[in-house]
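Single-letter residue listing:
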Amino acid sequence: MNHDSYDDNYIRGILNSVKSIAMVGASPVNVRPSYFAFKYLAQRGYDMIPVNPGHVGKSLLGKPFVASLLDIDRPVDMVDIFRNSTNIMPAVDEALKMMPLPKVIWMQLGARDDAAAEKAEAAGMKVVMNRCPKIEYGRLSSEISWMGVNSRTLSSKRAPMPTQGMRLSLGRTSVGGGATSAADRAAKNRTDPS
Amino acid sequence: MTDRSPGFATLAVHAGAQPDPTTGARATPIYQTTSYVFNDADHAASLFGLQSFGNIYTRIGNPTQAVLEERVAALEGGTAALATASGHAAQVVVFQMLLKPGDEFIAARKLYGGSINQFTHAFKSFGWNAVWADPDDIESFERAVSPKTKAIFIESIANPGGTITDIEAIAAVARKAGVPLIVDNTLATPYLIRPIDHGADIVVHSLTKFLGGHGNSLGGIIVDAGTFDWSKDDKYPILSEPRPEYHGIKLQETFGNFAFAIACRVLGLRDLGPAISPFNSFLILTGIETLPLRMQKHCENTKAITEWLASHPAVAAVNYAGLNGDKYNNLARKYAPKGAGAVFTFSLKGGYDAGVDLVSRLKLFSHLANIGDTRSLVIHPASTTHSQLDDAAKTKAGAAPDLVRLSIGIEDKEDLIADLDQALRRED
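So, how was this worked out
For every chain, the first residue of the written sequence is number 1, and numbering continues from 1 onward in sequence order. Each chain gets a letter, beginning with A, and each ligand a number, beginning with 1, in the order they are written. Only residues with pLDDT of 70 or above have their local features reported here, since the model is predicted, and side-chain atom pairs are shown and tallied only from 80 upward, although totals for entire chains, interfaces and linings are computed over all residues. In computing side-chain properties, one takes all heavy atoms of the structure into account and sets aside hydrogens as well as water. Strands here are runs of E lasting at least two residues and helices are runs of H or I lasting at least four, both read from the DSSP assignment and numbered beginning at the N terminus. Note that the radius of gyration is over C-alpha atoms, with the globule rule given as 2.2 Å times the number of residues to the power 0.38. Residue exposure (1.4 Å probe, protein chains only): buried if accessible area is under 20% of the type maximum, exposed if over 50%, otherwise partly exposed. Only four residue types enter the tally: Lys and Arg on the positive side, Asp and Glu on the negative side; His and the chain ends are excluded. A charge is said to be at NZ when it belongs to Lys, at CZ for Arg, at CG for Asp and at CD for Glu. For this analysis, a nonpolar core means a set of buried residues of the types Ala, Val, Leu, Ile, Met, Phe, Trp, Tyr and Cys, connected via side-chain atoms within 4.5 Å. Segmentation of the chain into domains, including their bounds, is taken from an automatic or database domain assignment. Whether two residues touch is decided by their heavy atoms; if any such pair falls within 4.5 Å, the residues are in contact. The definition of a polar contact used here is a pair of N or O atoms within 3.5 Å, where within protein one atom must be able to donate a hydrogen and the other to accept one, and adjacent residues in sequence count solely through side-chain atom pairs. Ring geometry is summarised as follows: Phe, Tyr and Trp rings, the Trp one being its six-membered ring, pair when their centres sit within 6.5 Å, and such pairs are stacked at plane angles under 30 degrees, edge-to-face over 60 and tilted between the two. Here, a charge over a ring is recorded when the distance from Lys NZ or Arg CZ to the ring centre is within 6 Å and its angle to the ring normal is within 35 degrees. In this description, buried area is defined as the sum, over both parts, of the accessible area (probe of 1.4 Å) that is lost when the two are combined. Think of a salt bridge as a Lys or Arg side-chain nitrogen and an Asp or Glu carboxyl oxygen that are within 4 Å of each other. We call Asp, Glu, Lys and Arg charged. Ala, Val, Leu, Ile, Met, Phe, Trp, Tyr, Cys and Pro are nonpolar, and the rest, Gly among them, are polar. Here the arc refers to the directions that run from the helix axis out to each C-beta atom. Strand pairing is assigned whenever DSSP identifies at least 2 bridges connecting the two strands. Every axis corresponds to a line fitted to the C-alpha atoms, with the helix fit spanning only the stretch in contact, and the corresponding angles, defined between N-to-C directions, vary from 0 to 180 degrees. We call two directions roughly parallel when the angle between them is under 35 degrees, roughly antiparallel when it is over 145, roughly perpendicular when it lies between 65 and 115, and oblique otherwise. When the strands point away from the viewer, a crossover counts as right-handed if the path from the first strand over the helix to the second runs clockwise.

## Side note on the overall build of chain B
- Secondary structure assignment for chain B yields 17 helices and 16 strands.
- Against the compact-globule benchmark of 22 Å for 428 residues, chain B has a radius of gyration of 22 Å, which places it among compact chains.
- Taking the principal axes of the C-alpha coordinates as reference, chain B spans close to 75 × 55 × 40 Å.
- Of all 428 residues assigned to chain B, the portion counted as buried reaches 61%.
- On chain B, the mean spot of the 38 positive side-chain charges and the mean spot of the 46 negative ones are 2 Å from each other.

Listed below in structure tokens is the structure:
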């Protein structure tokens, strides 16, 4: 599938269906993007599992670190990989050994590995690359609009009361992503050094 | 349901706005408040640390303002936007994110006189050096590039002459130089030109003009196209390096393709302070709902009036890119096929004195220093908006001493023509 831009329904379907998320490369340092995303997703009700061999024995917001995806004692719906592009393949290879197989491989903003994506897709997994689940969740629920960000969604329904820890509605009408086609093109040009 | 892209008019009415969660109010409420309660200490800390989306203090953001920002971002095709107290404030914030003392930026010579003043005087005192180039000579931009260049700044339709800039050609120069292209899109509005579609990385506006449209509120905005890679080298450390005041987070790494807009908010607005008032945000937002209708009428009236003026015996020349045969007509057809805007200049055979006379005889046109109002406006740029420039610089900026500038409103064009006709008839 095309990974230069995603239909909102594809992202919405993933964020609405997954319940447990293992985050590879989760950091306990509270200024790292992985910490931001981990905390945000935990507050939205996802069962978060931090994976980082350097921090085994410690926990992140009450969730104990595990060294590897294969050390997780329960089924995982999505693996969110917070590593740079060159470290994606080993994480995907490990995810492919999990039983049951996760449904989604998600590579963080800035990370893209098309070969790893193809491998995961061949095994029946959905793949998202170069996106942040926190930003996508905030965008589709329009929560991110509080920061003046173009959510690319519209709604004529009364907005939900935003309270901490709730699952916000992701069911708004999408504007199709066309509004930021320039940004998508620029991202593609950065990953295609042609 | 498959995603579809709504049209411009739908976005102008809906983007960013949603019925209020507590009251169901359909119009966007005016959140006239300075500050917002936190849920608890952890919530407060995560807002201050940029870990959560939310409101802290109106100098940094406000819910009415946020609707305005998302709406303009959607209309321009950007990833995010940041509203400010005025268009001038927007420019200060943009350049403060990009330049350090001793740095340079290249600016088109044909600009709003206020911008020329700001760049020449205030910016110079900050150590930010404008290097001027001629938008009619693309090579002059290439020649102006130096290792100190951090940005290129142009207007899509230049004030006061209403000339059209070849955005794509200058975007190519910016890409080659590895710097962002900033486009002031005030005179065009996204209804006529969307600079991001032509290669702009940042768009700025004076919302005071056509976007607000009613001449009642000041405002400015910065739109992030999400196209520029701030971390490709060490030229833009504010975006690429850890920020000490936010415990070492890197803005582009954390916020991706809307990092520039976030930087303008959490550093620029926070430290420089030019926040827009919630009431002005509301009035401008209301104005934007009718932007497409107003721009159609502005352009239709302007076309009729410029054609009428061009054939008037007392008129020496009309400078409007929408006129057949105008020097900028080909660029107008390419960049602004729906209309070349509603601001133009013309000169009278009677020269400077005849121009001054005309201004005093007009009864419907208002003599004032603004553009983009529902009302038709007239001014003599050489003695007002561009008065701080010398004669040579006035001519280069498109404000020669014998020129009169009109900003055509949305009244009936027959009445505007009748007013010009009576004012041009000299009764010695």
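Alright, that's what it looks like, and here's the rest.
## A look at the nonpolar core
- Core analysis: the largest hydrophobic core is formed by 187 residues, its most contacted members being Ile 105 of chain A together with Leu 98, Ile 152, Ile 222, Phe 260, Phe 346 and Leu 406 of chain B.
- Here the element with the most residues in this core is helix H11 (residues 259–272) of chain B; it accounts for 9 residues.
- Each of domain 1 (33–287) and domain 2 (290–424) of chain B contributes no fewer than three residues to this core.
- Non-local contacts of Leu 98 of chain B, meaning those with residues more than four positions away in its chain, are made with Asp 103, Lys 150, Ala 151, Pro 180, Ile 182, Ile 202, Trp 230, Lys 235, Tyr 236 and Phe 260 of chain B.

## A closer look at the side chain of Asn 329 of chain B
All names here are of chain B.
- Topologically, Asn 329 is positioned in helix H14 (residues 329–335).
- For Asn 329, a relative accessible area of 8% corresponds to the buried category.
- A polar contact of 2.8 Å, which involves the side chain of Asn 329, links it to the side chain of Arg 333.
- Contacts of Asn 329, omitting those with residues within four sequence positions, involve Ala 321, Gly 322, Leu 323 and Asn 324.

## Structural notes on the packing of aromatic side chains
- Summed over all chains, the structure comprises 25 aromatic pairs over all chains.
- One aromatic cluster is present, formed by Phe 95, Phe 105, Phe 119, Phe 123, Phe 126, Trp 128, Trp 132 and Phe 153 of chain B through successive ring pairs.
- Over the aromatic face of Phe 53 of chain B sits the side chain of Lys 134 of chain A, whose NZ or CZ is 4.9 Å from the ring centroid.
- Geometry around Tyr 191 of chain B places Lys 338 of chain B over its ring, the cationic atom sitting 4.0 Å from the centre.

## As for the domain arrangement of chain B
Residues and elements named next belong to chain B.
- Looking at the assigned domains, one finds that chain B contains domain 1 (33–287) and domain 2 (290–424).
- With 38 residues of domain 1 at the interface, the matching set in domain 2 holds 42 residues.
- Here domain 1 packs against domain 2, burying approximately 3300 Å² in sum over the two surfaces, 61% of which is carbon and sulfur.
- Three residues, Pro 160, Tyr 191 and Phe 210, lead the burial of domain 1 against domain 2; their summed loss comes to 25% of the area buried on that side.
- At the boundary of domain 1 with domain 2, the tally comes to 2 salt bridges.
- When the shortest N-O distance is used, the salt bridge between Lys 327 and Asp 136 registers 3.4 Å.

## As for the interface of chain A and chain B
- Tallying the contact residues gives 49 residues for chain A and 59 residues for chain B.
- Where chain A abuts chain B, roughly 4300 Å² becomes buried across the two surfaces, and 55% of that area is made up of carbon and sulfur atoms.
- Counting the surface chain A buries against chain B, the share from its top three residues, Phe 36, Met 147 and Arg 158 of chain A, is 15%.
- At the boundary of chain A and chain B, one finds 2 salt bridges.
- As a salt-bridge pair, Arg 32 of chain A and Glu 253 of chain B come within 3.0 Å of each other at their nearest N and O atoms.
- On the surface where chain A and chain B come into contact, there are 14 residue pairs in polar contact (both at pLDDT 80 or more).
- The set of elements that each furnish at least two residues to the side of chain A that touches chain B consists of helix H1 (8–17), helix H2 (33–43), helix H5 (133–140), strand E8 (153–154), strand E9 (173–174) and helix H6 (181–191) of chain A.
- In terms of residue count, H2 of chain A provides more of the side of chain A that touches chain B than any other element does, 6 residues in total.
- Split into classes, the residues belonging to the side of chain A that touches chain B amount to 20 nonpolar, 18 polar and 11 charged.

## Side note on helix H7 (residues 167–177) of chain B
Residues and elements named next belong to chain B.
- Within H7, burial applies to Ile 167, Ile 170, Ala 171, Val 173 and Ala 174. Along the axis of H7, the buried residues cluster in a sector spanning 155 degrees; they form a single face. Among the exposed residues of H7, those pointing more than 90 degrees away from its buried face are Arg 175 and Lys 176.
- Against the buried residues of H7 lie helix H6 (138–144), strand E4 (149–155), strand E7 (181–184) and H14.

## Some remarks on the sheet that holds strand E7 (residues 126–128) of chain A
Residues and elements named next belong to chain A.
- The strand order across the open sheet built from 5 strands is E2-E1-E5-E6-E7, with neighbouring strands paired in parallel fashion. Of all strands in the sheet, those bounded by a partner on one side alone are strand E2 (47–51) and E7. When the angles between neighbouring strand axes are averaged without regard to direction, this sheet yields 20 degrees.
- Inspection of the sheet shows strand E1 (residues 20–24) paired to strand E5 (residues 78–81) by 4 bridges, in the parallel sense. Its bridge partner being in E5, Val 24 is matched across the sheet by Ile 81.
- Running at roughly 110 degrees to E7, H1 makes contact with E5, strand E6 (104–107) and E7 of the sheet.
- The sheet strands contacting H2 are E1 and E2, and the helix crosses E2 at an angle near 155 degrees.

## Points about the packing of H1 of chain A against H5 of chain A
Residues and elements named next belong to chain A.
- One way to put it is that H1 packs onto H5 with a least axis distance of 11 Å and a crossing angle of 105 degrees. Judged on the interaxial angle alone, H5 and H1 are roughly perpendicular. On H5, the residues that touch Asp 8, Ile 11, Arg 12 and Leu 15 of H1 are Pro 133, Glu 136, Tyr 137, Arg 139 and Leu 140.
- For the contact of H1 with H5, a count of residues per class yields 5 nonpolar, no polar and 4 charged.

## Remarks on the pattern of salt bridges
- Under the definition given, this model contains 30 salt bridges over all chains.
- With a closest N to O distance of 2.9 Å, Glu 69 of chain B and Arg 265 of chain B form a salt bridge. Of the two residues, Glu 69 of chain B sits in helix H3 (residues 63–76) while Arg 265 of chain B sits in helix H11, which places them 196 residues apart along the sequence. Comparing Glu 69 of chain B with Arg 265 of chain B shows no difference in burial state: the two are buried.
- In this structure, the salt-bridge partner of Asp 271 of chain B is Arg 270 of chain B, at a minimum N-O distance of 2.7 Å.
- Using a relative accessible area of 47% as the deciding quantity, one classes Asp 271 of chain B as partly exposed.
- Here the salt bridges do not stand alone but share partners, grouping Asp 47, Lys 63, Asp 73 and Arg 74 of chain A into one network.

## A word on the environment of Ser 142 of chain A
- By the secondary structure assignment, Ser 142 of chain A is in the loop between H5 and E8.
- Exposure remark for Ser 142 of chain A: the relative accessible area of 13% places this residue in the buried category.
- Sequence separation between Ser 142 of chain A and Gly 110 of chain A is 32 residues, and the spatial gap between their C-alpha atoms is 22 Å.
- Discounting residues that sit within four places of it in the chain, Ser 142 of chain A has contacts with Ser 151 and Arg 172 of chain A together with Gln 18 of chain B.

## Things to note about the pairing of E1 of chain A
All names here are of chain A.
- Burial of E1 is extensive: 5 of the 5 residues sit out of reach of the surface.
- Alignment of E1 against E2, held across 5 bridges, turns out to be parallel. When the bridges of E2 are listed, Ser 20 appears paired with Asp 47.
- Where the polypeptide runs from E1 across H2 and back to E2, its parallel neighbour, the crossover connection is right-handed.

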